[in-house]
Amino acid sequence: MSRIIRLSPAVSQKIAAGEVIERPASAVKELVENSLDAGASEINVEIWAGGKRFIRVTDDGSGMGREDALVCFERHSTSKIRSEEDLEAIATLGFRGEALPSISAVSRLSLKTAEKRGEKGTFIEREGERVLLIQDIGFPPGTSVEVKDLFFNLPARRKFLRSEKSELSSIVKYLTGVCLAFPGVRFSLTHGKREIFHYPAVGSLKERIFQIYGKSTIANLMEVDYQQDEIKIFGFVSAPPSGCYDRRRQIFFVNKRPVKDKLLQAALNQAYDGFLERGRFAEAFLFLSCPHSEVDVNVHPTKAEVRFRSSNTVFSFVFKCMRQALLRHQGIKEIYAAQEKEKKGFRIEEGPPHLQIETDAKEDEMGQELFASLPEKEELFPRVLGQYLRSYIVAETPEEILIIDQHNAHERVLFEKYKEIHKGKKWPQKMVLFPLLVDLTPSQILSMEENQSLLEEAGFRVEAMGGQSYVLREVPDIFQEEEAKDVFLSLLEEIKEEKIEKREEALLATLACRTAVKVGEPLSPDRMKYLVDELFQTPNPSLCPHGRPITVRIERREIEKGLKRR
Ligand code: ADP
Ligand code: MG
């Protein structure tokens, strides 16, 4: 008896749908991409319950005639490519003809569409594989697709969906990307009765960044615009010394398609190496364009990744452009600084950043607090020898030399302390003298609401000022005020990525990282001793709370071998 059977179309449709449509955000993505491909100048997205109950995407694009409106639900029916050769150069966002059949296979879907004003429109209602109704309607030119009860017939997948807030935040994240890529399109998103955002059409990327991220983000960016042969790069990136605490603010587009791409990320981060303080990352909104034949967009089920034909060329192009922009920026800053110095009529001498055995480092307030009242302990190993490159503490034990990363070490020490304080729920808080204004993006606002109690426990009290403006009224006592603002913003980004049960720890790790001494900061012998002593009393002295190593060891045997004493 044969064991292999051919699955029914209904089952195979569901399987295929599962690949393209993972969650509400994927349905939103496919529908919005169709609207963009249809040349829409206005796209409105309405959802309920994080998109799990209801999604509606309405556009004023080309619309469809009756025949197309019926055919578009058939697998592999598309108006965007005609032949195999067309696959080599895809200029539209869609091309596989899979989205509408997939979404409709796993939901209750209805479509309203019309091509020209005054002409009859079409209404189609479906439930899974079944067509329930086809009707003439009056409808303005454009298309509106309604998706109800996603995965109603795939209970396993439905169960797998995350909370409403979480699904909503994926939708916001995706939409933020397309909003950036298409500043000339008006976008809006509403969740239930609440408007999450609406961005009128604007003439430039800069204005769109301003609409989404607010004034302070724009102020710290510089524009880049380069071209070499047929590759172009355009966008905005951090102007040093600014930068952000968060690598997630690096958004790349290839031919206007938002992509996740390790190669582009690496090129950007390597170019910034040495231009930003450690622990800071470049913020980037970068648009790469190249001939459609140079990039394969057909390598990923949801097209989130692409493959470049000559990835080396792309890498070195991006790296070179970013470096050039940075050097230019630095040049301008240096000229400015030189003029300032001349005006003041003196030169600032900088000490050599070499091994400093004795430093009379200026103790900042925070340091005094943390390093004050050092217990007069008897000399215990490891014993501090000095500081190397103002970044590493060199210490000895009879068996080895230790090279300790001062930032990572301090981070570990503070993390343990903060955990103790937090356990007692008596986190020191302070009122802010001058209210700290912050502009939040829709996705940050959602993260703030979702983690409100956690943030309050950590000492942040926030008040809404209307629109995207908020004010920090109270902040944890361990920060200076401006710094607290930075920390608050990066917390919003960081904790939303974590699983609920890990969020508290992530929050403390972030606080520890922000308050720890920085790389490049001179430390007095006392501070170093304190730090090393504390470090070796923590439960895990070899890894920082983010999992990075803290210490490099050079064993005595190795030293002796190298010196031919063994
Ligand atoms: P693809 O986008 O890969 O072509 P889809 O299943 O997403 O496949 O859509 C099938 C076809 O339906 C599209 O090629 C397009 O012709 C038509 N279509 C879908 N959505 C719209 C829309 N919002 N406006 C106009 N036409 C649309
Ligand atoms: Mg499509």
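On a predicted model such as this, the values are computed, not experimentally measured, just so you know.

Procedures and definitions
- Residues numbered from 1 in each chain as written.
- Chains lettered and ligands numbered in written order.
- Predicted model: local features only at pLDDT ≥ 70, side-chain atom pairs only at ≥ 80, totals over all residues.
- Heavy atoms only, no water.
- Near = heavy atom within 4 Å.
- Polar contact = N/O pair within 3.5 Å; in protein donor to acceptor, adjacent residues only side chain to side chain.
- Areas by Shrake-Rupley, 256 points an atom, 1.4 Å probe, with all protein chains shown as cover.
- Helix = DSSP H or I, 4+ residues; strand = E, 2+ residues; numbered from the N terminus.
- Nonpolar A, V, L, I, M, F, W, Y, C, P; charged D, E, K, R; others polar.
- Domains from an automatic or database assignment.
- Contact = heavy atoms within 4.5 Å.
- Buried area = accessible area lost by both parts, 1.4 Å probe.
- Salt bridge = Lys/Arg side-chain N within 4 Å of Asp/Glu carboxyl O.
- Pairing = 2+ DSSP bridges.
- Axes fitted to C-alpha atoms, helices over the stretch in contact; angles between N-to-C directions.

Caption draft 1: Seen up close, the site of ligand 1. In the neighbourhood of ligand 1, 21 residues make up the surrounding shell, with N34, T78, S79, K80 and G97 lying closest. Between D59 and ligand 1, the recorded distance is 2.9 Å, taken from a side-chain N or O atom to a nitrogen atom. Here an oxygen atom of ligand 1 and a side-chain polar atom of S79 are 2.5 Å apart. Out of a free accessible area of 530 Å², ligand 1 has 92% covered by protein chains. In terms of residue count, the dominant contributor to the shell around ligand 1 is helix α4 (residues 99-105) (three residues). Residue composition of the shell around ligand 1, by class: seven nonpolar, ten polar and four charged.

Caption draft 2: Spotlight on the domain arrangement of the protein chain. Considered domain by domain, the protein chain is made up of domain 1 (9-199), domain 2 (220-339) and domain 3 (347-566). With seven residues of domain 2 at the interface, the matching set in domain 3 holds 13 residues. Carbon and sulfur atoms make up 46% of the area that domain 2 and domain 3 hide from each other, which totals about 870 Å². The interface formed by domain 2 and domain 3 holds zero salt bridges in total.

Caption draft 3: Representation of the sheet that holds strand β20 (residues 461-464) within the structure. Strand order in the open sheet made by the three strands is β19-β21-β20, with antiparallel pairing throughout. Here the strands that pair on one side only, and so sit at the sheet edges, are β19 (429-439) and β20. For this sheet, the mean inter-axis angle between neighbouring strands, taken without regard to orientation, is 20 degrees. In this sheet, strand β21 (residues 469-476) lies alongside β20 in antiparallel orientation, the contact comprising four bridges. Each bridged residue has a counterpart across the sheet, and for E463 the counterpart in β21 is V471.

Caption draft 4: Geometry of the environment of C244. Residue placement: C244 occurs in the loop between β10 (231-238) and β11 (250-254). Along the primary structure C244 and I21 are separated by 223 residues, whereas in three dimensions their C-alpha atoms are 33 Å apart.

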